[in-house]
Amino acid sequence: MKITDARVIITCPGRNFVTLRIETDAGAWGLGDATVNGRELAVASYLTDHVCPTLIGRDPQRIEDTWQYLYRGAYWRRGPITMAAIAAVDTALWDLKAKQAGLPLYQLLGGACRDGVMVYGHANGETIEETIAEARRYVAMGYRAVRLQTGVPGLPRAYGVSRDKLFYEPAHSADPDEQLWSTHRYLPVAPRLFAAAREALGWEVHLLHDAHHRLSPIEAARLGRDLEPYRLFWLEDATPAEDPAAFRLIRSHTTTPLAVGEVFNSIHDARLLIEERLIDYIRATVVHAGGITHLRRIASMADLHGVKTGCHGATDLSPVCMAAALHFDLSIPNFGVQEYMRHTQETDRVFPHAYRFEDGYLHPGDAPGLGVDIDEALAASFPYRRASLPVTRLEDGSMHDW
Ligand code: CS2
Ligand code: MG
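The structure displayed is predicted, hence computed values, not measured ones. (Residues numbered from 1 in each chain as written. Chains lettered and ligands numbered in written order. Predicted model: local features only at pLDDT ≥ 70, side-chain atom pairs only at ≥ 80, totals over all residues. Heavy atoms only, no water.)

What to know about the environment of aspartate 25
So, point 1. Following the sequence through the fold, aspartate 25 ends up in the loop between strand 2 (17–24) and strand 3 (29–33).
So, point 2. For aspartate 25 and threonine 4, which are 21 residues apart along the polypeptide, the C-alpha to C-alpha distance reads 6.0 Å.
So, point 3. Ignoring sequence-local partners within four residues, the contact set of aspartate 25 consists of Met1, Lys2 and Thr4.
So, point 4. Only 3.0 Å separates the side chain of aspartate 25 from the backbone nitrogen of lysine 2, close enough to count as a polar contact. (Helix = DSSP H or I, 4+ residues; strand = E, 2+ residues; numbered from the N terminus. Contact = heavy atoms within 4.5 Å. Polar contact = N/O pair within 3.5 Å; in protein donor to acceptor, adjacent residues only side chain to side chain.)

Details of the site of ligand 1
So, point 1. Taken together, 14 residues lie around ligand 1, and Asn37, Tyr159, Glu262, Asp316 and Glu339 are the ones closest in.
So, point 2. Within the side chain of histidine 212, a nitrogen or oxygen atom sits 3.3 Å from an oxygen atom of ligand 1.
So, point 3. Here an oxygen atom of ligand 1 sits 2.7 Å away from a polar atom, N or O, in the side chain of glutamate 262.
So, point 4. Protein burial of ligand 1: of its 340 Å² of free accessible surface, 95% is covered by the chains. (Near = heavy atom within 4 Å. Areas by Shrake-Rupley, 256 points an atom, 1.4 Å probe, with all protein chains shown as cover.)

Regarding the packing of aromatic side chains
So, point 1. Evaluated as defined, the whole model comprises 11 aromatic pairs.
So, point 2. Three or more aromatic residues link up through ring pairs in this structure, and these residues are Tyr120, Phe233, Trp234 and Tyr281.
So, point 3. Sitting above the plane of the phenylalanine 17 ring, arginine 15 keeps its charged end 5.7 Å from the centroid.
So, point 4. Over the ring of tryptophan 29 we find lysine 99, and its NZ or CZ is 3.5 Å from the ring centre. (Phe/Tyr/Trp six-rings, centres within 6.5 Å; stacked < 30°, edge-to-face > 60°. Lys NZ or Arg CZ within 6 Å of the ring centre and 35° of its normal.)

Describing the environment of leucine 235
So, point 1. Locating leucine 235 in the fold gives a position in strand 8 (residues 234–236).
So, point 2. Exposure remark for leucine 235: the relative accessible area of 1% places this residue in the buried category.
So, point 3. Remark: the alpha-carbon pair of leucine 235 and threonine 285, spanning 50 residues in sequence, is separated by 18 Å.
So, point 4. Excluding anything up to four places from it in sequence, leucine 235 contacts His209, Ala211, Ala220, Leu223, Gly224, Leu227, Thr256, Pro257, Leu258 and Ala259. (Buried < 20%, exposed > 50% of the residue type's maximum accessible area, 1.4 Å probe, protein only.)

Section: unusual backbone geometry
So, point 1. Positive phi is not limited to glycine here, since histidine 212 has a value of about 50 degrees.
So, point 2. Mapped onto the elements, histidine 212 comes out in the loop between strand 7 (206–210) and helix 8 (217–227).
So, point 3. At aspartate 359, a residue that is not glycine, the phi angle is positive and equals roughly 60 degrees.

Considerations on the coordination of the magnesium ion (ligand 2)
So, point 1. Of the protein atoms, only Asp210 (OD), Glu236 (OE) and Glu262 (OE) coordinate the magnesium ion (ligand 2), at distances of 2.0 to 2.2 Å.
So, point 2. Mapped onto the polypeptide sequence, the residues donating to the magnesium ion (ligand 2) form the spacing pattern D-x25-E-x25-E. One end of the pair, aspartate 210, is in strand 7; the other, glutamate 236, is in strand 8, and 26 residues separate them in sequence. Like aspartate 210, the residue glutamate 236 is buried in the burial classification. (Donors = N, O, S within 2.8 Å, 3.2 Å for Na, K, Ca; no water.)

Examining the side chain of serine 318
So, point 1. You can see serine 318 is positioned in the loop between strand 11 (308–309) and helix 12 (319–331).
So, point 2. For serine 318, a relative accessible area of 0% translates into the label buried.
So, point 3. Discounting chain neighbours no more than four positions away, the residues touching serine 318 are Phe17, Asp33 and His343.

Things to note about the pairing of strand 1 (residues 3–11)
So, point 1. One ladder, built from 8 bridges, connects strand 1 with strand 2; its direction is antiparallel. Within strand 2, the position partnered with threonine 11 by the bridge is phenylalanine 17.
So, point 2. The turn linking strand 1 back onto strand 2 is made up of 5 residues, and glycine 14 within it adopts a positive phi angle of 105 degrees. (Pairing = 2+ DSSP bridges.)

Some points on the confidence of the model for the protein
So, point 1. Of the residues in the protein, 99% reach a pLDDT of 70 or more, and the chain-wide mean stands at 96.
So, point 2. Within the protein, the element-level pLDDT minimum falls on strand 6 (residues 178–181), averaging 92, and the maximum on strand 3, averaging 99. (pLDDT = per-residue confidence, 0-100.)

A few points about helix 12
So, point 1. With 13 residues, helix 12 should cover 18 Å at 1.5 Å per step; its first-to-last C-alpha distance of 18 Å lies within 8% of that length.
So, point 2. Most of helix 12 sits out of view: 13 of its 13 residues are buried.
So, point 3. Where helix 12 starts, the residue carrying a side-chain oxygen 3.0 Å from the main-chain nitrogen of valine 320 turns out to be serine 318. (Expected span 1.5 Å × (residues − 1).)

Here it is in structure tokens:
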């Protein structure tokens, strides 16, 4: 079997998505997600200009060899753009192989380890009351885990607190929107939110929170301690993810479980955190961490050290990535939870998919391959729109993480 075509499809059904489609002389084809929020065209060019020409004529069945060829062969290893491009090829090849076998991908990955994939939804509100009302809606829909984010008085439009309900899109303007941050204002609010949430929602539902890399290590340690009485499932991205040693300090002060890694693209980003057991959940996901082949390696290393997975699943990860993550989640022993932000109806129409939500769990379905298609004619009716993630300044106008 030979690859005869590899092309990039860019579409914006509410937000931008970059998808790679690989075709073969045997008629089998596969899809891979290559979306990097706010930097979509860089990955599209990396694929179209540098990777796709080298794929033509290759045997699509050689998934590991192709991964090594693209990773080692480029000389410039790692990095979000490179790894998203490799991820797209890798995902498309797994999709193709599973379709050839007539099996849903999770069967090729060793079969199901569980009946379904527990997911968490997103409750956002300007006030604590509004956030809790949203969380109630998720619990009523059957969710067993909910992430809670609330507005901070004095900080208009805090990052990660969506005004939209059910959907959430931080990249909302062509040029970066400038937002304000003050940890001093935020720190007392989060424990109040979770005290009220436990009071209103009880203790059965899992509660999660994301600090979006905004705290210093000692502030994160304080927040972790203050949240201990409310037994969070996790506190995510407490400090900037490029400084793993900061987690030694946080870990030594708090028993609140810690999650990090949605911005990781390589096993090397996660190594110290996992080997020293500084985190409880690793957030790396298929598209941003080198595809299924590389993510399996990260998950195996995590399993050795008692760390579970919690794949990133925001709306900027396309249904192709979501499906790939679900097949992966179903098949690994150390799965923890999967983030699930719903896509818009337009996105779901462009990417018809077999995965389904039931009783707080997602299941990838039993269609051969990933179980996701792309309606190319419809995709073409939603042309690319430049969109950037916001930039954050402190109250004195300076730029620092905290
Ligand atoms: C967030 C993301 O889902 C999360 O946990 O941190 O929404 C993140 O802000 C976006 O995916 C960035 O593209
Ligand atoms: Mg996050």
